[in-house]
Amino acid sequence: MYDWLNALPKAELHLHLEGSLEPELLFALAERNKIALPWSDVETLRKAYAFNNLQEFLDLYYQGADVLRTSQDFYDLTWAYLLRCKEQNVIHTEPFFDPQTHTDRGVPFEVVLNGIASALKDGEQQLGITSGLILSFLRHLSEEEAQKTLDQALPFREAFVAVGLDSSEMGHPPSKFQRVFDRARAEGFLTVAHAGEEGPPEYIWEALDLLKIQRIDHGVRAFEDERLMQRIIDEQIPLTVCPLSNTKLCVFDHMSQHNILEMLERGVKVTVNSDDPAYFGGYVTENFHALYTDLGMTREQAQRLAQNSLDARLVKP
Ligand SMILES: Nc1ncnc2[nH]cnc12
Ligand SMILES: [Zn+2]
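Residue numbering note: each chain is counted from 1, following its sequence as written. Lettering for chains starts from A, numbering for ligands starts from 1, and both go in the order in which the items are written. Reporting in this predicted model follows two pLDDT cut-offs: at least 70 for local features of residues, and 80 or more for side-chain atom pairs to be given and counted; totals over whole chains, interfaces and linings ignore these cut-offs and use all residues. Working from all heavy atoms in the structure, the side-chain values ignore hydrogens and water.

Quick word on the packing of aromatic side chains
- Stacked, edge-to-face and tilted are the three classes for Phe, Tyr and Trp ring pairs, Trp counted by its six-membered ring, which pair at centre distances within 6.5 Å; planes under 30 degrees apart are stacked, over 60 edge-to-face, the rest tilted. If you walk through the whole model with that rule in mind, you get 16 aromatic pairs.
- With 6.2 Å between their ring centres and 15° between their planes, tyrosine 75 and tryptophan 79 make a pair best called stacked. One end of the pair is tyrosine 75 and the other is tryptophan 79, both in helix H5 (residues 71-87) and four residues apart, which spans about a single turn.
- Each residue is assigned to one of three classes by its accessible area relative to the maximum for its type, calculated with a 1.4 Å probe on protein chains only: buried under 20%, partly exposed between the two thresholds, exposed over 50%. Under the relative-accessibility criterion, tyrosine 75 is labelled buried at 17%.
- With a centroid separation of 5.9 Å and an interplanar angle of 10°, the aromatic rings of phenylalanine 97 and phenylalanine 160 are classed as stacked. One end of the pair, phenylalanine 97, is in strand S3 (residues 96-97); the other, phenylalanine 160, is in strand S6 (residues 160-166), and 63 residues separate them in sequence. To qualify as a helix, a DSSP run of H or I must reach at least 4 residues; to qualify as a strand, a run of E must reach at least 2; elements of each kind are numbered from the N terminus.

See the structure below:
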C-alpha cells in the first residue's frame, strides 16, 4: 500500500519549510556556520522530538531554525524538501516560511527569500515541481510587527501567492490580524490561516469572516460546531489537515481517533499534508499511510484526498 500511496499524484498545501529541517542538515548547517548546539548528536536531538502540545514543539522548532543564516542555507533546506516531493510524487507544493523567525535574529528578509525562491525555481525547472510560496505571520508577535513584515514583503510581491498565520494559536485569535490581512488582500495577496488546530471553532469563524481566507490550515476542531461544518461543506472551503502533526502534538490522543475520514465522508474538502515532517515522523506519503494503517482508509478515499489537494491549489495549473 505504501508504494501505491506514494505513486498517487498529489499536492502539498501545508508545509513549513523550517519544519522540514532534518536533524542531519541541522547539524551540517551548524558546523558550516560555526554554531554550537545544545545536543551532542543527531540521535540526541531526535530523542527531544516528544511533545505534549503545540508550544513545546514550537520552542524546539524556533531553536532549530537558528542554524539557518545564509541564502545557501535556505536554498539547501528548500532543495532537500523538493527532493522528498519528487520521491513522493508531490507534483505541486505551496510551502510556508516564517520571515520573522529569521529577521528577528538579524537575518535579512532578502537573504531568506532569495535562497527559498531560487530553490523553488530550480525545483520547477529541474524536477518539474510547481509551487506557490506563502508568507506566514507569527501570531504570538504583535500586529505592528506583522505590518512591518508585510512592508518588507511588498517589494518582492511576485514571489508570493498568499499570506498565512501560524505559531501559538491559543490567545492569539485571527481578529488580532484583521487589519494586516485587509492590507495584504488590498495589495493582491490571497489569504490562508492556521485555525482550529488547538484553538476553538470561533477562531475558524473569525479566519473566514475577518481574514477572508481561501483555505483553513488544520481546522480539525470545526467538527465540534455543526453550523460551521455545514458552512465548510456548502462553500467547499478546503482544510489542510496534518494527521501525524495532530497526533504528535496531542490534538488527538491516537491516529485511530482522527476525524479526517469522517470529514471526508461528510463532504468536507479535506487534504493530507505533513506540516513539519522533520519533527513529526514523515512526509506526505507517511501521513497517507498512517490513515491506511490506523483508520482503514481505502484506495478510493486516498484518491479523493489526493484529488482534493490538486483542486485546492491556490496556484492553478
Ligand atoms: N503546526 C503548526 N501550528 C502552528 N504554527 C506552526 N509553525 C510550524 N508548524 C506549526
Ligand atoms: Zn502548520
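Comments concerning helix H16 (residues 299-311)
- Given a helix with a known number of residues, its expected span is that number minus one, times 1.5 Å. For H16, with 13 residues, the first-to-last C-alpha span of 18 Å sits near the 18 Å given by 1.5 Å per residue.
- All of the buried residues in H16 are Gln301, Ala302, Leu305, Ala306, Asn308, Ser309 and Leu310.
- By definition in these notes, contact holds between two residues if any of their heavy atoms fall within 4.5 Å. Lining the buried residues of H16 we find helix H1 (2-7), strand S1 (10-12), strand S2 (90-93), helix H13 (260-265), strand S10 (270-272) and helix H15 (284-295).

What about the UniProt feature "binding site: Zn(2+)" (unreviewed entry) in the protein?
- UniProt positions are given in the numbering used here, feature names are shortened, and annotations may be inferred rather than shown by experiment. Following the UniProt record, one finds the feature "binding site: Zn(2+)" (unreviewed entry) at His14, His16, His194 and Asp275. A maximum C-alpha distance of 11.7 Å places the annotated residues, which cover 262 residues in sequence, within one compact spot.
- Within the secondary structure, histidine 14 is located in the loop between S1 and helix H2 (23-32).
- Those residues within four positions of histidine 14 in sequence are excluded, and the remaining contacts are Phe96, His194, Asp217, His218, Thr240, Cys242, Asn273, Ser274 and Asp275.

Some thoughts on the site of ligand 1
- All residues adjacent to ligand 1 are His16, Leu54, Phe57, Leu58, Tyr61, Asp166, Ser167, His194, Glu197, His218, Asp275 and Asp276.
- Taking histidine 16, its side chain carries an N or O atom lying 3.3 Å from a nitrogen atom of ligand 1.
- The protein chains shown are the only cover counted for residues, whose accessible areas, like all others here, come from Shrake-Rupley with a 1.4 Å probe. A total of 260 Å² of accessible area belongs to ligand 1 in isolation, and the protein chains cover 100% of it.
- Here the shell around ligand 1 takes four residues from helix H4 (residues 54-64), the largest share from any one element.
- Class assignment of the residues belonging to the shell around ligand 1 gives a composition of four nonpolar, four polar and four charged. In these notes, residues near a molecule or strand are those with any non-hydrogen atom within 4 Å of it. N or O atoms closer than or at 3.5 Å make up a polar contact, with two conditions inside protein: a donor-capable atom paired with an acceptor-capable one, and, for residues adjacent in sequence, both atoms drawn from side chains. Polarity classes work like this: nonpolar for Ala, Val, Leu, Ile, Met, Phe, Trp, Tyr, Cys and Pro, charged for Asp, Glu, Lys and Arg, and polar for all others, with Gly in that last group.

Looking at the environment of alanine 302
- Its location among the elements puts alanine 302 in helix H16.
- Owing to a relative accessible area of 0%, alanine 302 belongs among the buried residues under this scheme.
- The spatial distance from the C-alpha of alanine 302 to the C-alpha of glycine 281 is 20 Å, given a sequence separation of 21 residues.

Side note on the nonpolar core
- Here, nonpolar core refers to any group of buried Ala, Val, Leu, Ile, Met, Phe, Trp, Tyr and Cys residues whose side-chain atoms link them within 4.5 Å. By size, the foremost hydrophobic cluster in this structure holds 101 residues, and its most contacted members are Phe97 and Leu305.
- Beyond its immediate chain neighbours, meaning those up to four positions away, leucine 305 contacts Ile260, Leu261, Leu264, Val270, Thr271, Val272, Phe288, Leu291 and Met297.
- Ranked by size, the runner-up nonpolar core spans six residues in total, among them Phe96, Val161, Ala162 and Leu314.

Some points on the pairing of S6
- In terms of residue burial, S6 counts as a mostly covered element, since seven of its seven residues are buried.
- Note that strand S5 (residues 133-138) and S6 share six bridges and pair parallel. Bridging from a neighbouring strand, serine 136 pairs with glycine 164 of S6.
- Handedness of a crossover: with both strands directed away from the viewer, a clockwise path from the first strand across the helix to the second marks it as right-handed. Once you follow S5 into helix H8 (residues 143-153) and on to S6, the crossover reads as right-handed.
- Note on pairing: two strands pair once DSSP finds at least 2 bridges between them. Relative to strand S7 (residues 190-195), S6 runs parallel, the two being bridged by two bridges. Bridge pairing in S7 links valine 163 to threonine 191.
- On the question of chirality, the crossover connecting S6 to the parallel S7 by way of helix H9 (residues 178-186) is right-handed.

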